[in-house]
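Okay, here's what each chain looks like letter by letter:
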Amino acid sequence: MMKNAYFSGLTVPLLLLLPQLAITVVFFYWPASQAVWQSFLLQDAFGTSTEFVWFENYAELFKDPGYFKALINTAIFSTFVCILSLSIALLFAVMADRQIRGAEIYKTLLIWPYAVAPAVAGVLWIFMFDPSLGMLARGLASLGVNWNPRLNGNDAMLLVILAATWKQISYNFLFFLAGLQSIPKSVIEAAVIDGARPWRRFWTIVFPLLSPTTFFLLVVNIVYVFFDTFGIIDTVTGGGPSGATETLVYKVYSDGKGGSNLGGSAAQSVVLLVMVIAMTAFQFRFIERRVSY
Amino acid sequence: MAQVTLTNVKKVYFGGVEAVKGVSLEIPDGGFCVLVGPSGCGKSTLLRMVAGLETITSGDISIGSRVVNQIGPAERDIAMVFQNYALYPHMSVYDNMAYGLRNLGTPRDEIDRRVKEAARILAIEPLLDRRPKQLSGGQRQRVAMGRAIVRKPQVFLFDEPLSNLDAKLRVQMRVEIKKLQRALGVTALYVTHDQVEAMTLSDKLVVMNGGRVEQIGLPAEVYKKPASKFVATFIGSPPMNILDGTIDGPGIVALGDAILEVRDLRQDLAEGTAVEIGLRPEDIEIASEGAAGTLPFDVEFIEELGATQLFHGQLAGLPFVMQAATDTVAAQAGRLWITVDPDRVHVFDKQSGARLGRS
Amino acid sequence: MVEDRRLGDAIAYVILTIGVLIVAFPVWLTFVASTWDAATIINGQLPLYPGPKFFENYYRILFIGTSGTTREPVLNMMLNSFVMAMAIALGKIFISVLSAYAIVYYRFPFRMAAFWIIFVTLMLPVEVRIFPTFKVVSDLGMLDTYQGLAVPLIASATGTLLFRQFFMTIPDELLEASRIDGAGPFRFFKDTVIPLSITTIAALFVIQFIYGWNQYLWPLLVTTKDSMQTIVIAIKKMIVTSDALTEWQLAMATAMLAMLPPVLVVVLMQRLFVKGLVETEK
């Protein structure tokens, strides 16, 4: 990762790095260390005094049934969103990769939801599925389905899953399509000559060759579901009903919002931080070792 | 084994581009046919139509006694070696070779026997567990060949299979391909832009240009009696010299002040007809000054090739090259008098470039 | 290929068409809702075709605002969103082009340390450190300012890594040739590196503009004044109040306006967008 031709000197490169380093230190390292520090502090109810309590906040956290619930919500939410959005996007990408007329137009028509803000996506979906005025909710009601995401936790979870999936398909589609198009045509042709029918060709040749893309998308999708869906959850359910759609990130926010449980919220942040770092590290090691041909 | 017959095969793409403009060709059973031509001449398209990777716009292709126009690639009983080998990067060498047989539902022990047999023939037995990425270019080439031979196809198709190898390996693999094809007796159709490969491999050479066949024949025939100026300059290295001349009587052409005798020349040409005269650099002989049928050649510089030397200069106002064995001609600039055996003078129509031969 | 494609192609058309419908339906419904009056929507009688109130609703929301909830004209919010998105996009390009140049083209003692300090921030979104970051911004008196909205979101490694990767593909010979032609670090940067990076810069700009425009949690926290709100957070404020008060037609018009700029960017600059997306993630 080094150039053989380079400049030397110290002042100039440090000046060039200064803006980024300054912003990173002030708005990243300082707050992140604050989060770590706060996670060891306990504030009383009035915010008048704080006490250093070592790992008590963490201990509280892992005893808190609400936290476990958020953990499980996050697991369910991410599993469904990843599986749904990846498989639907793969299906669309495989179809759009065929040499059909208008493939480019379809591509354009499928990728633009990437540009929709998660919060706005949430609004679109609650508007369709709001029990009193939503068009699709009424449709469900007329079919005799008892649908109410405001009261029923499962309905609420389903709705955020659908909204989050809808938003993520375009991203996955784009990467799958790029992945498909980077498979050398001659390899596919060789498989055709080798007598592999389309279905078998897909599973024995195309899908394995796509696995670096799939793996990359899996990690990115998990990170997406963890963080970027905040806006969707906040607009669709606000974490409710009674915490049924509260994910880990949402809980960091709702616990810290009133300032009542800053220590607990900070401890949650730190746990999340560790999870993301672990995931990133895993991705880098894995990618280096296995999934590249 | 089977013969391959192409009857007036055409390929027109969507935009109306005519890639192949009607090609008829017959490859006998066990024959080795090479399609050669510059890039964009339609040779690869033609090969891919035989493979079934491209549809045929019109005409017929048959393999054995069967017209295969509508038959998918897998059912044509062919195997193909691609330019970039197209090995499956996620499979071992063994699986690469076994894949086609598995798709056919061949029994496991039969697959094993055939893969090992092919590996033995190609001397790649120690590589069977490796992935393509772990192989050198030459080894990949062998695996691609192995994948073709385990299928025991009726026809081998090669799409510039040696162009990704370095020069030395290319010569070696060229010999091996020829040996293998002989040993297996399988009909082969081979595409290349390299005239040396084309000459050495083929027993039927097809020179293509602009979607058409310029000439079909034995390699020696194509070299000795090129059917057109295009073939004449494409086959042979350094390329044939082309000079302006006129017909000066039956079997005689004039080249400036000098005249040359031509053995193979149409009789019905009017005196004074403008023609082009082709002389191969390697056919040129030194003559004594002023003798009949000699031409003045002004040498400007000499290139040393080791065994031979190339003399560059001007003849009748046009650039001209002569090749001579080293030390047979004094290597210095200046005027030389040269002559050419009447059997080796080629005359082409000025407009169409067609050979003006007797038949 | 000689293969019967008719069935496969037909299936592809059907599936892709269904896909486009799924993707477009929620937006169509939103658009339809933004062209009717409140009563039609609240009664649950919304048809599937646009109504007569298009101009009225959009005029009202752009220049006047809702009557109950946010009261600010949305045009003003769009301006806030635009400034924030531009500041994030341009700011990130500025700092990361400089830092990547330093890291790739200079040898100096703390080079690797600087690289890792930046690299570590790669995968950690602002959500993880949200409250401490909020506190820093508030201590610096940056609440309700454009700086407060934009600067903390600039602190991330993606841009630096993207440019670093791109600079690594510039042949060394170009630097050597520039040197022979008498160019120093500044001239080489200005005359060679930047012109070569134009499409990379544009691609990063497209991605970061969308990222900035679509921010939600951060503006929600650092803006307290209505005049500083961005359009994305305003929608939520328009519909949180109890149902009767929600002017759905205006909220939906706002949603359409919130989607319009980034969607236009994606559709009109599709090539740059795809390039930016694929390359920032590598």
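Residues numbered from 1 in each chain as written. Chains lettered and ligands numbered in written order. Predicted model: local features only at pLDDT ≥ 70, side-chain atom pairs only at ≥ 80, totals over all residues.

Here the focus is the overall build of chain C. In terms of helices and strands, chain C carries 14 helices and one strand. The C-alpha radius of gyration of chain C comes to 24 Å, more than 25% above the 19 Å expected for a compact globule of 282 residues. Referenced to the eigenvectors of the C-alpha coordinate spread, the extents of chain C come out at roughly 75 × 70 × 30 Å. For chain C, the residues scored as buried account for 49% of the 282 residues in total. Pairs at least 24 apart in sequence give 73% of the contacts found in chain C among residues at least 6 apart. (Helix = DSSP H or I, 4+ residues; strand = E, 2+ residues; numbered from the N terminus. Rg over C-alpha atoms; globule rule 2.2 N^0.38 Å. Buried ≥ 20, exposed ≤ 12 C-beta atoms within 10 Å, placed from the backbone. Contact = placed C-beta atoms within 7 Å.)

What follows is about the overall build of chain B. Each helix and strand counted, chain B has eight helices and 20 strands in total. Here the C-alpha coordinates of chain B stretch approximately 80 × 45 × 35 Å along the principal axes. Across the 359 residues of chain B, 42% fall into the buried class. Partitioning the contacts of chain B with sequence separation of at least 6, the portion at a separation of at least 24 is 65%.

So, on to helix α5 (residues 118-129) of chain A. Residues and elements named next belong to chain A. Relative to the 16 Å expected for 12 residues at 1.5 Å per residue, α5 spans 16 Å between its end C-alpha atoms, a close match to the ideal helical length. Among the 12 residues of α5, 12 are classified as buried, and the element is accordingly described as predominantly covered. Along α5, the positions that sit buried rather than exposed are Pro118, Ala119, Val120, Ala121, Gly122, Val123, Leu124, Trp125, Ile126, Phe127, Met128 and Phe129. (Expected span 1.5 Å × (residues − 1).)

Moving on, we come to the interface of chain C and chain A. Facing the 81 residues of chain C at the interface are 79 residues of chain A. The leading source of residues in the side of chain C that touches chain A is helix α1 (residues 6-33) of chain C, at 14 residues. Inspection of the sheet shows strand β1 (residues 7-8) of chain A paired to strand β1 (residues 106-107) of chain C by two bridges, in the parallel sense. What sits directly across from A:Phe7, in β1(C), is C:Tyr106. (Pairing = 2+ DSSP bridges.)

All names here are of chain B. What the five strands build is an open sheet, ordered β13-β12-β11-β14-β20; its pairing is antiparallel. Edge positions in the sheet fall to β13 (258-261) and β20 (346-349), since each of these pairs with one other strand and no more. Here the strands of the sheet are splayed against their neighbours by 45° on average, with no regard to which way each runs. The pairing of strand β12 (residues 252-255) with β13 spans four bridges and is antiparallel. Bridging from a neighbouring strand, valine 253 pairs with leucine 260 of β13. (Axes fitted to C-alpha atoms, helices over the stretch in contact; angles between N-to-C directions.)

Residues and elements named next belong to chain B. Running from N to C, helix α4 (residues 137-150) and helix α5 (residues 167-184) cross one another at 15°; their axes reach a closest spacing of 11 Å. As far as their axial angle goes, α5 and α4 are roughly parallel. Judged by the sense of rotation from one axis to the other, the crossing of α4 with α5 is right-handed. Contacts between α4 and α5 involve Gly137, Gly138, Gln141 and Ile149 on the former and, on the latter, Leu169, Met173 and Leu184. When grouped by side-chain class, the residues that make up the contact of α4 with α5 number four nonpolar, three polar and no charged. (Parallel < 35°, antiparallel > 145°, perpendicular 65-115°, else oblique. Left-handed = near helix turned anticlockwise from the far one by under 90°. Nonpolar A, V, L, I, M, F, W, Y, C, P; charged D, E, K, R; others polar.)

Our next topic: unusual backbone geometry. Residues and elements named next belong to chain B. Cis geometry marks the peptide bond from serine 237 to proline 238, where omega comes out at -5°. Structurally, proline 238 can be placed in the loop between α8 (229-234) and β11 (241-247). Located in the positive-phi region is asparagine 8, a residue other than glycine, with phi close to 45°. The exposure class of asparagine 8 is exposed, given the 11 C-beta atoms found within 10 Å. Its identity as a non-glycine residue notwithstanding, alanine 86 has a phi of 50°, on the positive side. Assignment of secondary structure puts alanine 86 in the loop between β6 (78-81) and α2 (93-103). For alanine 86, a count of 24 C-beta atoms within 10 Å translates into the label buried.

Looking now at the pairing of strand β14 (residues 274-279) of chain B. Consecutive residues of a regular strand have side chains that alternate between opposite faces of the sheet. Examined bridge by bridge, β11(B) and β14(B) share six bridges and lie antiparallel to one another. Counted as the bridge partner of B:Asp244 is B:Glu276 from β14(B).

Partitioning chain B into domains gives domain 1 (4-230) and domain 2 (239-349). Centre-to-centre, using C-alpha coordinates, domain 1 of chain B lies 39 Å away from domain 2 of chain B. (Domains from an automatic or database assignment.)

Attention now moves to the nonpolar core. By size, the foremost hydrophobic cluster in this structure holds 279 residues, and its most contacted members are A:Val120 and C:Ile235. If one sorts the elements of this core by residue count, helix α4 (residues 74-105) of chain C sits on top with 17 residues. Sequence-distant contacts of A:Val120, defined by excluding residues within four places in its chain, comprise C:Val232, C:Ile235, C:Ala255, C:Ala258 and C:Met259. (Core = buried A, V, L, I, M, F, W, Y, C linked by C-beta atoms within 7 Å.)

To continue, consider the sheet that holds strand β10 (residues 212-217) of chain B. Residues and elements named next belong to chain B. If you walk across this open sheet you meet the six strands as β6-β7-β8-β3-β9-β10, and the pairing is mixed. Edge positions in the sheet fall to β6 and β10, since each has one partner strand and no second. Strand-to-strand twist across the sheet, computed as the mean angle between neighbouring axes with direction ignored, equals 15°. Across five bridges, the pairing between strand β9 (residues 204-209) and β10 is antiparallel. When the bridges of β10 are listed, valine 207 appears paired with glutamine 215. Contacts between α4 and the sheet are confined to β6 and β7 (155-159), with β6 contributing the most and set at about 175° to the helix.

Okay, the pairing of β11(B) next. Residue and element names in this part refer to chain B. As paired elements, β11 and β12 share two bridges and run antiparallel to each other. Directly across from isoleucine 247, in β12, lies its bridge partner valine 253. The turn joining β11 and β12, which pair antiparallel and follow one another in sequence, is formed by four residues; a positive phi near 130° is taken by glycine 249.

We now examine α4(B). The periodicity of an α-helix, 3.6 residues per turn, causes residues three or four positions apart to be oriented the same way. All names here are of chain B. Here α4 spans 20 Å end to end across 14 residues, near enough to the 20 Å set by a 1.5 Å rise per residue. Of all 14 residues in α4, 11 are buried; the element is thus mostly enclosed. Listed as buried for α4 are Arg140, Gln141, Arg142, Val143, Ala144, Met145, Gly146, Arg147, Ala148, Ile149 and Val150. Residues of α4 that are buried sit in contact with β6, α2, α3 (108-122), β7 and α5. Trailing α4 by a residue or two, lysine 152 shows a phi angle of about 50°, which is positive.

Residue and element names in this part refer to chain C. Taken N-terminus to C-terminus, the directions of helix α3 (residues 54-63) and helix α13 (residues 248-268) make an angle of 75°; their axes are 9 Å apart at the nearest point. Taken together, the axis directions place α3 and α13 in an arrangement best described as roughly perpendicular. Contact residues: α3 offers Asn57, Tyr58, Arg60 and Ile61, while α13 offers Gln249, Leu250, Ala253 and Thr254. Looking at the contact of α3 with α13 residue by residue, the class counts come to four nonpolar, three polar and one charged.

A few words now on the environment of A:Ser39. All names here are of chain A. Topologically, serine 39 is positioned in the loop between α1 (11-38) and β2 (41-43). In this structure serine 39 comes out as buried when scored by C-beta crowding, with 23 C-beta atoms within 10 Å. Each C-alpha atom of the pair serine 39 and valine 271 lies 10.0 Å from the other, and the pair is 232 residues apart in sequence. Beyond its immediate stretch of four places on either side in the chain, serine 39 contacts Asn57, Gly263, Ala266, Ala267 and Val270.

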